[in-house]
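Reading the structure
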Amino acid sequence: AQSVTQLDSQVPVFEEAPVELRCNYSSSVSVYLFWYVQYPNQGLQLLLKYLSGSTLVKGINGFEAEFNKSQTSFHLRKPSVHISDTAEYFCAVLLNTGGFKTIFGAGTRLFVKA
Amino acid sequence: DTAVSQTPKYLVTQMGNDKSIKCEQNLGHDTMYWYKQDSKKFLKIMFSYNNKELIINETVPNRFSPKSPDKAHLNLHINSLELGDSAVYFCASSQDRGPYEQYFGPGTRLTVT
């Protein structure tokens, strides 16, 4: 069965520190991978995606993620966070099994402290 | 020029009532979705429509009925509302021949009292 696991439910970090939000997936088919961000009282918006090609993808707001096929991971990183990065972050996998289906992880709450 | 819009943004109603939430996208996407997000932020797919055809129908009570009059609209009707239906409901759309990512509406916070 396909699944997405976000290993940390909450990540507190001080402003200007680096951060990594971890995501692992399991799938027997090829996948496309996404990270979405949800700011308070808003819908989700795309941070970045991996479809093919370079395994290091860069997204908006200084975030990047690396696809590691052997470890089935797609961890999100930012070298220096801001207070405004406080939000819920969702890892997602798009499966093509005859029809497209997206599976979302349970989310990681990033809390940036001054 | 909102890409995915939902109405209403807030909905407070009593148990047993029937309510609808409307969703419209102006992105020309062929697929639309309804998600339920609970208080712990867990996002659960409810339905997916592709070109007005139901594609995904997860284990959702049949009190929930989606309707897609055209591929730019996907409405959600809920009958006999229960306390457990209280959540934030998100509409989303995507283009399944690429670029694949989903665009989300702002959400409708439903409170059943």
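Since the structure is predicted, the reported quantities are computational estimates derived from the model, not experimental observations. (Residues numbered from 1 in each chain as written. Chains lettered and ligands numbered in written order. Predicted model: local features only at pLDDT ≥ 70, side-chain atom pairs only at ≥ 80, totals over all residues. Heavy atoms only, no water.)

Turning next to the overall build of chain A. Helix and strand content of chain A: zero helices and twelve strands. N-terminal to C-terminal, the α/β element order of chain A is β-β-β-β-β-β-β-β-β-β-β-β. Its C-alpha radius of gyration of 14 Å places chain A within 12% of the 13 Å reference for a compact globule of 114 residues. Taking the principal axes of the C-alpha coordinates as reference, chain A spans close to 45 × 30 × 20 Å. The buried share of chain A, reckoned over its 114 residues, is 46%. In chain A, 55% of the contacts between residues at least 6 apart in sequence involve partners at least 24 apart. Roughly 5,400 Å² of accessible area belongs to chain A as shown, and the carbon and sulfur atoms make up 50% of that amount. Positive and negative side-chain charges in chain A, numbering 9 and 8 respectively, have mean positions lying 8 Å apart. (Helix = DSSP H or I, 4+ residues; strand = E, 2+ residues; numbered from the N terminus. Rg over C-alpha atoms; globule rule 2.2 N^0.38 Å. Buried < 20%, exposed > 50% of the residue type's maximum accessible area, 1.4 Å probe, protein only. Contact = heavy atoms within 4.5 Å. Areas by Shrake-Rupley, 256 points an atom, 1.4 Å probe, with all protein chains shown as cover. Lys, Arg positive; Asp, Glu negative; His and termini not counted. Charge placed at Lys NZ, Arg CZ, Asp CG, Glu CD.)

As a further point, take the state of the cysteines. One pass over the full model with this rule turns up two disulfides over all chains. Between the sulfur of Cys23(A) and that of Cys91(A) lies a disulfide, 1.9 Å long from S to S. Linking Cys23(A) and Cys91(A), the disulfide has an S-S dihedral of approximately -70° and is accordingly described as left-handed. Of the two residues, Cys23(A) sits in strand E4 (residues 23-26) while Cys91(A) sits in strand E10 (residues 87-96), which places them 68 residues apart along the sequence. The residue that forms a disulfide with Cys23(B) is Cys91(B), at a sulfur-sulfur distance of 1.8 Å. Negative torsions about the S-S bond denote left-handed disulfides, and the value of about -75° found for Cys23(B) with Cys91(B) makes this one left-handed. Taken as a pair, Cys23(B) in strand E3 (residues 19-25) and Cys91(B) in strand E9 (residues 87-94) lie far apart in primary sequence, 68 residues in all. Note on accessibility: Cys23(B) and Cys91(B) belong to one class, buried. (Disulfide = S-S within 2.5 Å.)

Listed per partner, the contact involves 18 residues of chain B and 19 residues of chain A. Sorting the residues of chain B by area buried against chain A places Tyr100(B), Glu101(B) and Phe104(B) first, and these three jointly supply 30% of that buried surface. Remark: the boundary between chain B and chain A carries two salt bridges. Between Lys101(A) and Glu58(B) there is a salt bridge, with its nearest N and O atoms 3.4 Å apart. Applying the counting criterion to the chain B and chain A interface returns five residue pairs in polar contact (both at pLDDT 80 or more). Each residue belonging to the side of chain B that touches chain A can be placed in one class, and the counts come to nine nonpolar, three polar and six charged. (Buried area = accessible area lost by both parts, 1.4 Å probe. Salt bridge = Lys/Arg side-chain N within 4 Å of Asp/Glu carboxyl O. Polar contact = N/O pair within 3.5 Å; in protein donor to acceptor, adjacent residues only side chain to side chain. Nonpolar A, V, L, I, M, F, W, Y, C, P; charged D, E, K, R; others polar.)

Following the sequence through the fold, Leu83(B) ends up in the loop between strand E8 (73-78) and E9. In sequence terms Leu83(B) and Leu110(B) are 27 residues apart; their C-alpha atoms lie 9.9 Å from each other.

On to unusual backbone geometry, then. The step from Thr7(B) to Pro8(B) runs through a cis peptide bond, and the omega angle for that step is -5°. Among the secondary structure elements, Pro8(B) is positioned in the loop between strand E1 (4-7) and strand E2 (10-13). Of note, the phi angle at Glu16(A) is positive, near 75°, even though the residue is not glycine. The topology assignment puts Glu16(A) in the loop between strand E2 (10-14) and strand E3 (19-21). The exposure class assigned to Glu16(A) is exposed, which follows from its relative accessible area of 60%. One non-glycine residue, Asn41(A), lies in the positive phi region at around 60°. Checked against the element boundaries, Asn41(A) lands in the loop between strand E5 (31-38) and strand E6 (44-50).

Moving on, we come to the sheet that holds E1(B). All names here are of chain B. Here we have four strands laid out as an open sheet, ordered E1-E3-E8-E7, and antiparallel in their pairing. Only two strands of the sheet have a single neighbouring strand rather than two, namely E1 and strand E7 (64-70). Across the sheet, the mean angle separating the axes of adjacent strands is 20° when strand polarity is ignored. (Pairing = 2+ DSSP bridges. Axes fitted to C-alpha atoms, helices over the stretch in contact; angles between N-to-C directions.)

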